[in-house]
Amino acid sequence: DTGVSQNPRHKITKRGQNVTFRCDPISEHNRLYWYRQTLGQGPEFLTYFQNEAQLEKSRLLSDRFSAERPKGSFSTLEIQRTEQGDSAMYLCASSLGTGSNNEQFFGPGTRLTVL
Amino acid sequence: LAKTTQPISMDSYEGQEVNITCSHNNIATNDYITWYQQFPSQGPRFIIQGYKTKVTNEVASLFIPADRKSSTLSLPRVSLSDTAVYYCLVGDSGRGRGSTLGRLYFGRGTQLTVWP
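The paragraphs below set out a description of the structure included in this document. Because the structure is a prediction, the values reported are computed rather than measured.

**Some points on the environment of Glu52(A)**
Residues and elements named next belong to chain A.
Then comes step 1: Note that Glu52 resides in the loop between β5 (44–50) and β6 (53–57).
Then comes step 2: Separated by 18 residues in sequence, Glu52 and Pro70 have C-alpha atoms that sit 5.7 Å apart.
Then comes step 3: If sequence neighbours within four positions are ignored, Glu52 has contacts with Arg69, Pro70 and Gly72.

Dropping the structure here:
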């Protein structure tokens, strides 16, 4: 257990429905990242927060995706009008963002299946 | 961003030392080399990070030659529980001009299978 929690762990939805995932990072970590991972591939960067500010969004993040971190603590990732191609593991990670360390602490992920 | 190349898969037996080499010919001056481990249905876990020469911790050693165009992760005396995917990444930590802001770029990794 890294101290990063994600809920739910699994989500099955029908195409066209909206889904929302939650990530609770390690409390003192100011940086929070979302990644997506499909079978046989490494995680792909989606977006990044420093405190409550969303500083970068990957081109992978279409207009149907939105992420928030309203108080600089937990974060939510919402996918609107889900498509089958959205089926993947969604990973959240957090880090302290100081020093020269690239150590990010990953949560267990939310596995999304779009039928 | 520097691209990394590592073997898709490796096999070993329990008790052996495993060395996984990663090439990163376009590594930038500010880039660190970081290795992560991932078990099925779990998020990646940080193993080790280095800039040059050799770094050792309780889990692994990381060897980086002077030109930094490659690196080798060394796992001593592997056990069955070391069966996992190992990712080699290069990037800066989020400081300085042109920073990658600490975001990580994973390739496909190396699937290490340890046999009894």
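**Digging into unusual backbone geometry**
Then comes step 1: Cis geometry marks the peptide bond from Asn7(A) to Pro8(A); its omega dihedral reads -10°.
Then comes step 2: Here Pro8(A) shows up in the loop between β1 (5–7) and β2 (10–13).
Then comes step 3: A positive phi is found at Thr53(B), a non-glycine position, where the angle reads about 60°.
Then comes step 4: Within the chain, Arg68(B) stands out as a residue other than glycine whose phi angle is a positive 60°.
Then comes step 5: Of note, Arg68(B) is situated in the loop between β6 (61–64) and β7 (70–75).
Then comes step 6: You can call Arg68(B) buried: its relative accessible area is 8%.

**Comments concerning the nonpolar core**
Then comes step 1: Among the nonpolar cores identified, the biggest contains 20 residues, and Ile33(B), Trp35(B), Ile47(B), Leu73(B), Leu75(B) and Tyr86(B) are the most heavily contacted of them.
Then comes step 2: Among the elements of the structure, β2 (18–23), β3 (32–38), β4 (45–50), β6, β7, β8 (84–91) and β9 (110–115) of chain B are those that each provide at least two residues to this core.
Then comes step 3: In terms of residue count, β8(B) provides more of this core than any other element does, four residues in total.
Then comes step 4: Judged by nonpolar contacts, the second largest core, of 19 residues, contains Val19(A), Ile26(A), Leu46(A) and Phe65(A).

**Observations regarding the side chain of Gln49(B)**
Residue and element names in this part refer to chain B.
Then comes step 1: Assignment of secondary structure puts Gln49 in strand β4.
Then comes step 2: For Gln49, a relative accessible area of 14% corresponds to the buried category.
Then comes step 3: Of note is the side chain of Gln49, whose polar atom sits 3.0 Å from the side chain of Thr34.

**Concerning the sheet that holds β4(B)**
All names here are of chain B.
Then comes step 1: Taken together, the five strands give an open sheet; going across it, the order is β1-β9-β8-β3-β4, and neighbouring strands pair in mixed fashion. Where the open sheet ends on each side, the last strands, each with one partner, are β1 (9–13) and β4. On average, each strand axis in the sheet is inclined to that of its neighbour by 25°, with strand direction left out of account.

**Examining the pattern of salt bridges**
All names here are of chain A.
Then comes step 1: Here the structure, examined in full by the defined rule, presents three salt bridges over all chains.
Then comes step 2: Note that Asp24 and Arg22 form a salt bridge whose closest N and O atoms lie 2.8 Å from each other.
Then comes step 3: For Asp24, a relative accessible area of 23% gives the class partly exposed.
Then comes step 4: Residue Asp86 is joined to Arg64 by a salt bridge in which the shortest nitrogen-to-oxygen separation is 2.8 Å. One end of the pair, Asp86, is in the loop between β8 (75–79) and β9 (88–95); the other, Arg64, is in the loop between β6 and β7 (65–68), and 22 residues separate them in sequence.
Then comes step 5: Among the residues examined, Asp86 registers a relative accessible area of 3% and is labelled buried.

**Thoughts on the packing of aromatic side chains**
Then comes step 1: Following the criterion strictly, the structure yields 14 aromatic pairs over all chains and no others.
Then comes step 2: Seen from their ring centres, Tyr35(A) and Phe106(B) are 6.0 Å apart, and the 85° between their planes marks the pair as edge-to-face. Here the residue Tyr35(A) occupies a position in strand β4 (residues 31–37), and Phe106(B) occupies one in the loop between β8 and β9, the pair thus bridging two chains. Each member of the pair, Tyr35(A) together with Phe106(B), is buried.
Then comes step 3: Linked through ring pairs, Tyr33(A), Tyr35(A), Phe45(A), Tyr48(A), Phe106(A), Tyr36(B), Phe46(B), Tyr87(B), Tyr105(B) and Phe106(B) together constitute an aromatic cluster.
Then comes step 4: Between the NZ or CZ atom of Arg22(A) and the centre of the ring of Phe74(A), over which it lies, the distance is 3.9 Å.
Then comes step 5: Across from the ring centre of Tyr51(B), 3.9 Å away, lies the NZ or CZ of Arg68(B), which sits over that ring.

**Here we look at the interface of chain B and chain A**
Then comes step 1: Contacts between chain B and chain A engage 24 residues on the former and 23 residues on the latter.
Then comes step 2: Between chain B and chain A, a total of about 2000 Å² is buried, with carbon and sulfur atoms accounting for 46% of that surface.
Then comes step 3: Where chain B packs against chain A, one counts zero salt bridges.
Then comes step 4: Summed over the shared surface of chain B and chain A, the result is five residue pairs in polar contact (both at pLDDT 80 or more).
Then comes step 5: In terms of residue count, β3(B) provides more of the side of chain B that touches chain A than any other element does, four residues in total.
Then comes step 6: Of the residues that constitute the side of chain B that touches chain A, the class distribution is nine nonpolar, 11 polar and four charged.

Rules used throughout
- Residues numbered from 1 in each chain as written.
- Chains lettered and ligands numbered in written order.
- Predicted model: local features only at pLDDT ≥ 70, side-chain atom pairs only at ≥ 80, totals over all residues.
- Heavy atoms only, no water.
- Helix = DSSP H or I, 4+ residues; strand = E, 2+ residues; numbered from the N terminus.
- Contact = heavy atoms within 4.5 Å.
- Buried < 20%, exposed > 50% of the residue type's maximum accessible area, 1.4 Å probe, protein only.
- Core = buried A, V, L, I, M, F, W, Y, C linked by side-chain atoms within 4.5 Å.
- Polar contact = N/O pair within 3.5 Å; in protein donor to acceptor, adjacent residues only side chain to side chain.
- Pairing = 2+ DSSP bridges.
- Axes fitted to C-alpha atoms, helices over the stretch in contact; angles between N-to-C directions.
- Salt bridge = Lys/Arg side-chain N within 4 Å of Asp/Glu carboxyl O.
- Phe/Tyr/Trp six-rings, centres within 6.5 Å; stacked < 30°, edge-to-face > 60°.
- Lys NZ or Arg CZ within 6 Å of the ring centre and 35° of its normal.
- Buried area = accessible area lost by both parts, 1.4 Å probe.
- Nonpolar A, V, L, I, M, F, W, Y, C, P; charged D, E, K, R; others polar.

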